[in-house]
Amino acid sequence: MKKKMSSVPFNGTPEQEAKLDAYIAEHRAEEGCLMPIMQEAQLIYGYLPKEVQIHIAEKLEIPAEEVFGVATFYSMFNLSPKGKYQISVCLGTACYVKGSREVLDKICEILDIQPGECTEDGMFSIEACRCVGACGLAPVMMVNGSDVYGRLKASEVEAIIEKYKEFEREEKEYENMG
Amino acid sequence: MKTWAELQAIKADVNAKVFAASAPGEYRVLIGLATCGIAAGAMPVYDAFKEAAAGNDKCKVGQVGCIGMCQYEPIVEVIEGGKRTTYVKMDAEKAARVYKEHILGGQVVTDYLLVENGITCNSLEDTTFYKLQKRIALRNCGIIDPENIDEYIARDGYAALHKVITEMSSEDIVNVMLDSGLRGRGGAGFPTGRKWSFAAAQQAPQKFVCCNADEGDPGAFMDRSVLEGDPHAVLEAMTIAGKAIGATQGYIYVRAEYPVAVKRLNIAIKQAKEYGLLGDNIMGTDFCFDIGIRLGAGAFVCGEETALMTSIEGKRGEPRPRPPFPAVKGLFQSPTILNNVETYANVAQIILNGAAWFSAMGTEKSKGTKVFALGGKINNTGLVEVPMGTTLRTVVEQIGGGIPNGKKFKAAQTGGPSGGCIPAEHFDVEIDYDNLIAIGSMMGSGGLIVMDEDNCMVDIAKFFLDFTVDESCGKCTPCRIGTRRLYELLEKITGGEGEMADIDELQALAAHIKDNSLCGLGQTAPNPVLSTLRYFRHEYEAHIVDKKCPSHVCRSLLTFTIDPEKCVGCTKCARNCPANAISGTVKEPHVIDHDKCVQCSVCMQNCAFGAISKD
Ligand SMILES: Cc1cc2nc3c(=O)[nH]c(=O)nc-3n(C[C@H](O)[C@H](O)[C@H](O)COP(=O)(O)O)c2cc1C
Ligand code: SF4
Ligand code: SF4
Ligand code: SF4
Ligand code: FES
Ligand code: FES
């Protein structure tokens, strides 16, 4: 379980910091509050930049190593930013025996990145995950943890990715109009 | 706060208005909205019914958790009078038609009914899939609205809690659990009553009740379904456990991959508190018990009991040596019990119906029922709850509807990464804790993955080892280094580089890891290798000696060839081969250069004439 700290420059906003501080103030007295605070921080920033981890350590008056240790132990803490659309393909047993590996390979091929990486434009990142609990619909993939696609075939993923690219194009058009 | 009399009134009211047979012409439409249903597209179906029925007071549209037939999701049940009609594989368009023809027109739309073995079933209850089940842990799943505490109360919810608070001592509760014979459903099968009695016997200022909802076995979703479909059942049971051992605080450790379950648990906790069934002075007595939710963060080892407690404490979730056992020194150094979601889902029913009722079901040493998540190569993927002692054959062939595409059953994998496989020769094994151990597998938490002739058992073993290598917390060397070495050996074998001596090394290494690892993860990690070696040694040998993968899975061992009789020389394969391994002139048979071929199988998918085969 090796993880890389991000080299992307950190650009958090004061609003984000205020939100996190409010959460810390509310929960700091609870036993075992470190993980919930880190989970909240990840929700606020989208990932856990080193600066934020140090900030949490300072606020809780604990060694920064303790926060780093927790961050690197759990696979759900992201130390570098993810794509705007985070694709995760389930490689749990039920999905694996139904060919989810091929689905993953296909997506990597289409986006030209490897699992764990993000496309250069910051749009898509891809990772393998273990079982989202929709095994009955195997093979399964998820986008941004909420859009679940089941009974997938490798031949169908191109259309799904296209759909998100289409969203993007529409969003851009609106921006240009507005 | 609600008094017991008020709760009884709610129960009577909901039963009369919601669950009793409605008047003819009055409909209830229920849409399964668990993760599985939502993934299959149930939300637009729900919206379509909501929209169509707006303003129609003869048609109520509601949500339920999941009924367990993933294969047929999205599922809609239409209830009129005492009659249930189950529609399957629905979408918004079909919903509009059902609304028009069935709800408004009174005619069942037979096109969307479920067909099982060629027989059209009006309702789920008519299917073999359902009839052979015995639903205790899942009794409310798919029946009640999980976000409505009143519907839970109507189905005897919180009656068991009332009973233990008003009539039973801590000792009474523990004795009922002991007599029931209930064993933990999280994997190891430890008797629940014994665990509770140890913790009850401790003198301590603070004790804890924890629920393991980490559901780490990839391919299992029983616990998710219970949490999403019947969250109050878990809250009620934990509160009963609190009363039994003398604890005032509970924690549910849920994996973060289950957002819907977390949402419903939060709603349930809030509702239970409003009714005075959780929190301070429960049911107006001086008994206080609160429950908090803690989210996992994607570490399989945190399903192990000591690691789970370390994680709730907010630290790296590394296992701790035992003893001290959690019942003596667990969470925050206090006596703690930890039970699995499904274990808890049985508790209220046991209290209400008695230990004898429960222990009458199942086998001599495994009482009650077990929920299985059927997955893999099986027609009816889904959740099934059967009495202990049901044969694997019944589960796979009758309830599961057999293997798709006329393929042959090869093995069923139980126990996930800690378990093993059950080959066809043990198809008639009666499933219980001890029988599965005897044949080299284990009950596990209930994931049951079926494999057919197209699955390679060496590849499956490698798949699980890949998982454990990834999930080993690294605290002890036999597990950290040993599992990696096992994986490398399997990779060597599936890559065509294996030697017979590797099999001996696999076995020696497996024994070493089992004996020297600190926690259950390492101790059981070699099981998938050992059990596939026990029953499918010939597949290992085929990879090593013949350099062939009999199931055509392991890529490096495949040879692609073009049949010159069938090839018409259309050139499509040659144009698409990423390795430029195919040559030939137009209208002449093509050939593959095996030295260049990277076994991607693109050519085979592309040939419209079926001229390319792999071996
Ligand atoms: C590596 C590992 C992972 C485990 N994962 C789970 C899990 O996800 N869910 C679970 O209920 N038990 C899991 N267990 C078993 C727990 O340690 C514990 O035995 C169980 O939660 C006790 O509850 P029960 O007696 O009700 O089964 C796991 C054990 C090990 C060693
Ligand atoms: S056996 Fe493996 S998972 Fe368990 S403590 Fe040792 S290294 Fe960690
Ligand atoms: S695609 Fe098939 S028919 Fe066409 S050249 Fe290749 S093998 Fe021959
Ligand atoms: S399997 Fe792939 S690399 Fe090999 S011949 Fe066919 S297309 Fe080319
Ligand atoms: S194995 Fe993929 S969703 Fe469970
Ligand atoms: S129907 Fe809910 S688990 Fe699939």
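Residues numbered from 1 in each chain as written. Chains lettered and ligands numbered in written order. Predicted model: local features only at pLDDT ≥ 70, side-chain atom pairs only at ≥ 80, totals over all residues. Heavy atoms only, no water.

## Topic: the sheet that holds strand E9 (residues 290–295) of chain B
All names here are of chain B. The 4 strands lie next to each other as E9-E8-E7-E10, forming an open sheet whose pairing is parallel. The strands lining the two open edges of the sheet, one partner per strand, are E9 and strand E10 (336–340). Taken over all neighbouring pairs, the strand axes of this sheet differ in orientation by 20 degrees on average, direction set aside. As judged from the 5 bridges shared by strand E7 (residues 208–213) and E10, these two strands associate in the parallel manner. From the neighbouring strand, cysteine 210 faces E10, where its bridge partner is leucine 338. Where helix H11 (residues 231–245) meets the sheet, its contacts fall on E7, strand E8 (249–254), E9 and E10, and the angle it forms with E7 comes to roughly 150 degrees. (Pairing = 2+ DSSP bridges. Helix = DSSP H or I, 4+ residues; strand = E, 2+ residues; numbered from the N terminus. Axes fitted to C-alpha atoms, helices over the stretch in contact; angles between N-to-C directions. Contact = heavy atoms within 4.5 Å.)

## Remarks on the site of ligand 3
Residues in close proximity to ligand 3 include B:Ile562, B:Cys567, B:Val568, B:Gly569, B:Cys570, B:Thr571, B:Cys573, B:His590, B:Cys607, B:Phe609, B:Ala611 and B:Ile612, which together make up its full environment. Class assignment for the residues of the shell around ligand 3 results in 9 nonpolar, 3 polar and no charged. (Near = heavy atom within 4 Å. Nonpolar A, V, L, I, M, F, W, Y, C, P; charged D, E, K, R; others polar.)

## Describing unusual backbone geometry
For the peptide bond that leads from A:Ala138 to A:Pro139, omega is -10 degrees, which places it in the cis range. Among the structural elements, A:Pro139 can be located in the loop between strand E2 (124–129) and strand E3 (141–143). Cis geometry is adopted by the peptide bond preceding B:Pro324, which originates at B:Pro323 and carries an omega value of 0 degrees. Mapped onto the secondary structure, B:Pro324 falls in the loop between helix H13 (305–312) and E10. Even without glycine at this site, B:Asp156 takes up a positive phi of about 70 degrees. With respect to the helices, strands and loops of the structure, B:Asp156 is situated in the loop between helix H6 (149–154) and helix H7 (159–167). Notably, B:Lys587 is not glycine yet its phi reads approximately 65 degrees, a positive angle. By secondary structure assignment, the location of B:Lys587 is in the loop between strand E17 (582–583) and strand E18 (591–592). For B:Lys587, a relative accessible area of 69% gives the class exposed. (Buried < 20%, exposed > 50% of the residue type's maximum accessible area, 1.4 Å probe, protein only.)

## Remarks on the side chain of B:Asn527
Residue and element names in this part refer to chain B. Tracing the backbone through its elements, the reader meets asparagine 527 in helix H22 (residues 527–546). Overall, asparagine 527 belongs to the buried group, its relative accessible area being 15%. Discounting residues that sit within four places of it in the chain, asparagine 527 has contacts with Ser418, Gly419 and Lys514.

## Brief notes about the packing of helix H2 (residues 34–45) of chain A against helix H3 (residues 50–60) of chain A
Residues and elements named next belong to chain A. Across the interface, H2 lies against H3 with an axial gap of 11 Å and an inter-helix angle of 140 degrees. Relative to H3, the element H2 lies oblique. Crossing of H2 over H3 shows right-handed handedness. Listed contacts from H3 to Leu34, Ile37, Met38, Ala41 and Tyr45 of H2 are Val52, Ile56 and Leu60. Taken together, the residues of the contact of H2 with H3 sort by class into 8 nonpolar, no polar and no charged. (Parallel < 35°, antiparallel > 145°, perpendicular 65-115°, else oblique. Left-handed = near helix turned anticlockwise from the far one by under 90°.)

## Re the interface of chain A and chain B
With 32 residues of chain A at the interface, the matching set in chain B holds 51 residues. Both sides of the chain A and chain B interface together cover about 3,500 Å² of buried area, and 59% of this is carbon and sulfur. Contact with chain B buries surface across chain A, with A:Phe73, A:Thr93 and A:Arg130 losing the most and accounting together for 20% of the total. Where chain A meets chain B, there are 2 salt bridges. For the salt bridge of A:Glu30 with B:Arg294, the shortest nitrogen-to-oxygen distance reads 3.7 Å. Linking chain A to chain B there are 19 residue pairs in polar contact (both at pLDDT 80 or more). Listing elements by their share of the side of chain A that touches chain B, those giving two or more residues are H2, helix H4 (64–73) and helix H5 (93–97) of chain A. (Buried area = accessible area lost by both parts, 1.4 Å probe. Salt bridge = Lys/Arg side-chain N within 4 Å of Asp/Glu carboxyl O. Polar contact = N/O pair within 3.5 Å; in protein donor to acceptor, adjacent residues only side chain to side chain.)

## Looking at H22(B)
The axis of H22(B) is deflected most strongly, by about 95 degrees, at B:Phe536. Following H22(B) by one or two positions, B:Lys547 adopts a phi angle in the positive range, close to 55 degrees. (Bend = angle between axes of the 7 residues up to and from the residue.)

## Observations regarding the sheet that holds strand E1 (residues 85–90) of chain A
Residues and elements named next belong to chain A. With mixed pairing, 4 strands are arranged side by side in an open sheet as E2-E1-E3-E4. Strands with a single pairing partner mark the edges of an open sheet, and in this sheet they are E2 and strand E4 (147–149). The sheet shows a mean angle of 20 degrees between the axes of neighbouring strands, direction not considered. Across 3 bridges, the pairing between E3 and E4 is antiparallel. Residue pairing across strands places methionine 141 opposite tyrosine 149, the latter belonging to E4. Lying over the sheet, helix H6 (residues 100–111) contacts E1, E2 and E3, oriented at roughly 150 degrees with respect to E1.

## Re the nonpolar core
By size, the foremost hydrophobic cluster in this structure holds 139 residues, and its most contacted members are B:Tyr158, B:Trp196, B:Ile252, B:Tyr344 and B:Leu392. The element contributing the most residues to this core is H11(B), with 9 residues. Residues in contact with B:Tyr158, not counting those within four places in the same chain, are B:Trp4, B:Ile149, B:Tyr152, B:Ile153, B:His232, B:Leu235, B:Glu236, B:Ala272, B:Leu277 and B:Met283. Of all hydrophobic cores here, the second largest spans 46 residues; its members include A:Cys33, A:Val67, B:Tyr253 and B:Met309. (Core = buried A, V, L, I, M, F, W, Y, C linked by side-chain atoms within 4.5 Å.)

## A short note on the pairing of strand E15 (residues 447–452) of chain B
All names here are of chain B. Of all 6 residues in E15, 6 are buried; the element is thus mostly enclosed. Residues Gly447, Ile449 and Met451 of E15 are buried on one face, and the alternating residues Leu448, Val450 and Asp452, pointing to the opposite face, are buried as well. In this structure, strand E11 (residues 369–376) lies alongside E15, joined through 4 bridges in parallel fashion. Its bridge partner being in E15, glycine 376 is matched across the sheet by valine 450. Direction of pairing for strand E13 (residues 409–414) relative to E15: antiparallel, over a ladder of 5 bridges. The residue of E15 that forms the bridge with alanine 411 is methionine 451.

## Considering the side chain of B:Ser445
With respect to the helices and strands, B:Ser445 occurs in the loop between helix H17 (433–438) and E15. Contacts of B:Ser445, omitting those with residues within four sequence positions, involve B:Arg185, B:Gly186, B:Gly187, B:Asp217, B:Ala220, B:Met222, B:Glu342, B:Lys370 and B:Val371.

## A few points about the pattern of salt bridges
Taken as a whole, this structure holds 40 salt bridges over all chains when the rule is applied. Ionic pairing is found between A:Lys82 and A:Glu127, a salt bridge with its closest N-O pair at 2.8 Å. On the criterion of sequence distance, the pair formed by A:Lys82 in the loop between H4 and E1 and A:Glu127 in strand E2 is long-range, its members being 45 residues apart. Its relative accessible area of 26% is what places A:Glu127 among the partly exposed residues. For B:Asp13, the salt bridge goes to B:Lys17, with nearest N and O atoms at 2.9 Å. Separated by 4 residues within a single helix, B:Asp13 and B:Lys17 lie in helix H1 (residues 4–19), roughly one turn from each other. Several salt bridges converge on common partners, so that one network encompasses A:Lys84, A:Glu168 and A:Glu171.

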